[in-house]
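Listed below are the residues making up each chain.
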Amino acid sequence: MLIHFRNLFWHHHHNNHKPKILHLSSLTVLVILVVVFQVALTLFTRLKPGVLGFAAHISADEVVALTNQQRQTQGLPPLQSNSLLTQAAAAKAAYMFAKNFWAHNAPDGTTPWFFFNQIGYNYRYAGENLARDFGDSGSVIGAWMNSSTHRDNILSDHYNEIGVAVVNGILGGQETTLVVQMFGQRTAAVASVPQTAAVAVAETKGSKTQAEMAFSQPQPQKASLSQPVWQWPETMLTQVGGEYSEKFPLLSVFTLTKSLNLGLAILVMIVLAIDGWLVWHRQTVRISGKSFVHLSFLALVVLLIILSGSGQIM
Amino acid sequence: MSKKLDLLHSDYLFLSLGLGIGGGIYLLLAHQPSLQVGVIILTGIFYILWGAIHHAREDEWHIKVLLEYILIAALAVTLWLSFTLRT
């Protein structure tokens, strides 16, 4: 057992003066193990949703406060929390879970403006920011502020009201936390046709480019027959200003993957460092790649994994 | 001798630049996993190519060496990619 362990991590003539874990066969096994583990994890989260998921600690009130903090640093007036906008945001989140999509516009054509109208918020200006899988409120605001279109929404002087919903649910078979932030300025008189609207649109999916979509004029909307009829759960309508009180998953898939990946990378890095030193120290001649070069590539990956946070914005 | 050393230094400089640019772009594309995936794969390919060319220039090229670079790149890319796709 001890000999096997030594051969795995240390130079010896039994392993041809190269730790067994760095042999081609062992590296192949490690790659296969990582892939199999990830596939198994994905299957498990789909078969047993709620056990593994994303444990977020985001508060809607905190998102509103941090948004206003950003506005105040730019000399803009704070946004007032509006219960109608909060309900519209909760309804949008519920709709994304119900229809299993992650976008401003639903696959069935439902636009963000539908939720404003449906809840009875007659707007002059309206906007929407989306986020998912973030661990805390500060990270959500930070990601939005780093995206020009989302930042434009947060710092727009067109808006004077805000509603935020933080909702847990299962999207694409995976436990996730959605954050929907809706901005608005109501019309003085009740009107069903918006004059102007802006929405921050993600940089990736969708047929239109960011620039095309960022200031797109929405189609005149009425909560009428032209719109899909969908009733959101009553619980959504009552959670004004707070988080959706669904139970959190026992373990975060993100944290589990991050920990195991970092652990494996660091283990291989340690073996590479010792191997490189021993090769240099003993002047070993062998057909092999350069340990310190492999070490630097893995160190980059470890550094990026540590520096990167979770979450996506749209 | 000094020419060979310069050659090696330029190789390592090129590797550092390539990995640095890959890492930098990855961070710039934070919260856009679909674009980050492309950066990860390109960085992995760059690493394999660098290994093959570097060892050929050093007259140390061998299929086992190439396979080692491919497998280290595959391991690094798999770890990096699986993390990114979970964000």
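As shown above, the structure is provided for reference.
Residues numbered from 1 in each chain as written. Chains lettered and ligands numbered in written order. Predicted model: local features only at pLDDT ≥ 70, side-chain atom pairs only at ≥ 80, totals over all residues. Heavy atoms only, no water.

> Would you explain the overall build of chain B in this entry?
Secondary structure assignment for chain B yields 3 helices and 0 strands. Reading chain B from its N end, one meets helices and strands in the order α-α-α. Per-residue burial for chain B yields a buried fraction of 49% across its 87 residues. The contacts of chain B with a sequence gap of at least 6 include a subset with a gap of at least 24, amounting to 62%. (Helix = DSSP H or I, 4+ residues; strand = E, 2+ residues; numbered from the N terminus. Buried < 20%, exposed > 50% of the residue type's maximum accessible area, 1.4 Å probe, protein only. Contact = heavy atoms within 4.5 Å.)

> Please clarify how the interface of chain B and chain A should be interpreted in this entry.
One widely used convention gives an interface's size as the accessible area the parts lose upon coming together. With 38 residues of chain B at the interface, the matching set in chain A holds 45 residues. Among the residues of chain B in contact with chain A, His31, Phe83 and Arg86 of chain B are the three that bury the most area, contributing 23% of the side total. Counting every contact that joins chain B to chain A gives 2 salt bridges. Between Lys290 of chain A and Glu58 of chain B there is a salt bridge, with the nearest N and O atoms lying 2.5 Å from each other. Our enumeration of links across chain B and chain A arrives at 14 residue pairs in polar contact (both at pLDDT 80 or more). Listing elements by their share of the side of chain B that touches chain A, those giving two or more residues are α1 (2–28), α2 (33–57) and α3 (63–86) of chain B. In terms of residues, the side of chain B that touches chain A owes the most to one element, α3 of chain B, which gives 17 residues. Its residues assigned to classes, the side of chain B that touches chain A shows 21 nonpolar, 12 polar and 5 charged. (Buried area = accessible area lost by both parts, 1.4 Å probe. Salt bridge = Lys/Arg side-chain N within 4 Å of Asp/Glu carboxyl O. Polar contact = N/O pair within 3.5 Å; in protein donor to acceptor, adjacent residues only side chain to side chain. Nonpolar A, V, L, I, M, F, W, Y, C, P; charged D, E, K, R; others polar.)

> I would appreciate a short explanation of the sheet that holds strand β3 (residues 123–132) of chain A in the present structure.
Residue and element names in this part refer to chain A. Strand order across the open sheet formed by 5 strands is β2-β4-β5-β3-β7, with mixed pairing between neighbours. The open sheet has two free edges, formed respectively by β2 (80–81) and β7 (312–313), since each of these has just one partner strand. Bridge count between β3 and strand β5 (residues 174–186): 9 bridges; the pairing is antiparallel. Looking at the pairing, Gly127 lines up with Phe183 of β5. (Pairing = 2+ DSSP bridges.)

> When you look at the environment of Ile72 of chain B in this model, what are you seeing that I'm missing?
Here Ile72 of chain B lies in helix α3. Residue Ile72 of chain B is classed as buried on the basis of its relative accessible area, which comes to 1%. Ignoring anything within four residues of it in the chain, the contact list for Ile72 of chain B reads Leu27 and His294 of chain A together with Tyr47 of chain B.

> Teacher, can you tell me more about the packing of aromatic side chains here?
Each pair of aromatic rings is reported with the distance of its centres and the angle of its planes. Counted under the stated rule, the structure contains 15 aromatic pairs over all chains. Taking 5.1 Å as the distance between ring centres and 55 degrees as the angle between the ring planes, the aromatic pair formed by Tyr26 of chain B and Trp80 of chain B counts as tilted. Placement of the pair is Tyr26 of chain B in helix α1 and Trp80 of chain B in helix α3, with a sequence separation of 54 residues. For Tyr26 of chain B, a relative accessible area of 1% corresponds to the buried category. When its relative accessible area of 0% is taken as the criterion, Trp80 of chain B is described as buried. The rings of Tyr95, Phe101, Phe114 and Phe115 of chain A are connected pair by pair, giving a single aromatic cluster. Note that Arg132 of chain A overlies the ring of Trp102 of chain A, its terminal NZ or CZ placed 5.5 Å from the centroid. (Phe/Tyr/Trp six-rings, centres within 6.5 Å; stacked < 30°, edge-to-face > 60°. Lys NZ or Arg CZ within 6 Å of the ring centre and 35° of its normal.)

> Explain the pattern of salt bridges to me, please; I cannot follow it from the model alone.
Opposite charge on two side chains lets them pair, provided their charged atoms get close. For the structure on display, the rule yields 7 salt bridges over all chains. Taking the shortest distance from any N to any O, the salt bridge between Arg186 of chain A and Glu161 of chain A comes out at 2.9 Å. Here Arg186 of chain A is found in strand β5, whereas its partner Glu161 of chain A is found in strand β4 (residues 161–171), with 25 residues between them in sequence. When the shortest N-O distance is used, the salt bridge between Arg57 of chain B and Asp11 of chain B registers 3.0 Å. Of the two residues, Arg57 of chain B is situated in helix α2 and Asp11 of chain B in helix α1; the sequence distance between them amounts to 46 residues. The exposure class assigned to Arg57 of chain B is partly exposed, which follows from its relative accessible area of 38%. Since its relative accessible area comes to 8%, Asp11 of chain B is described here as buried.

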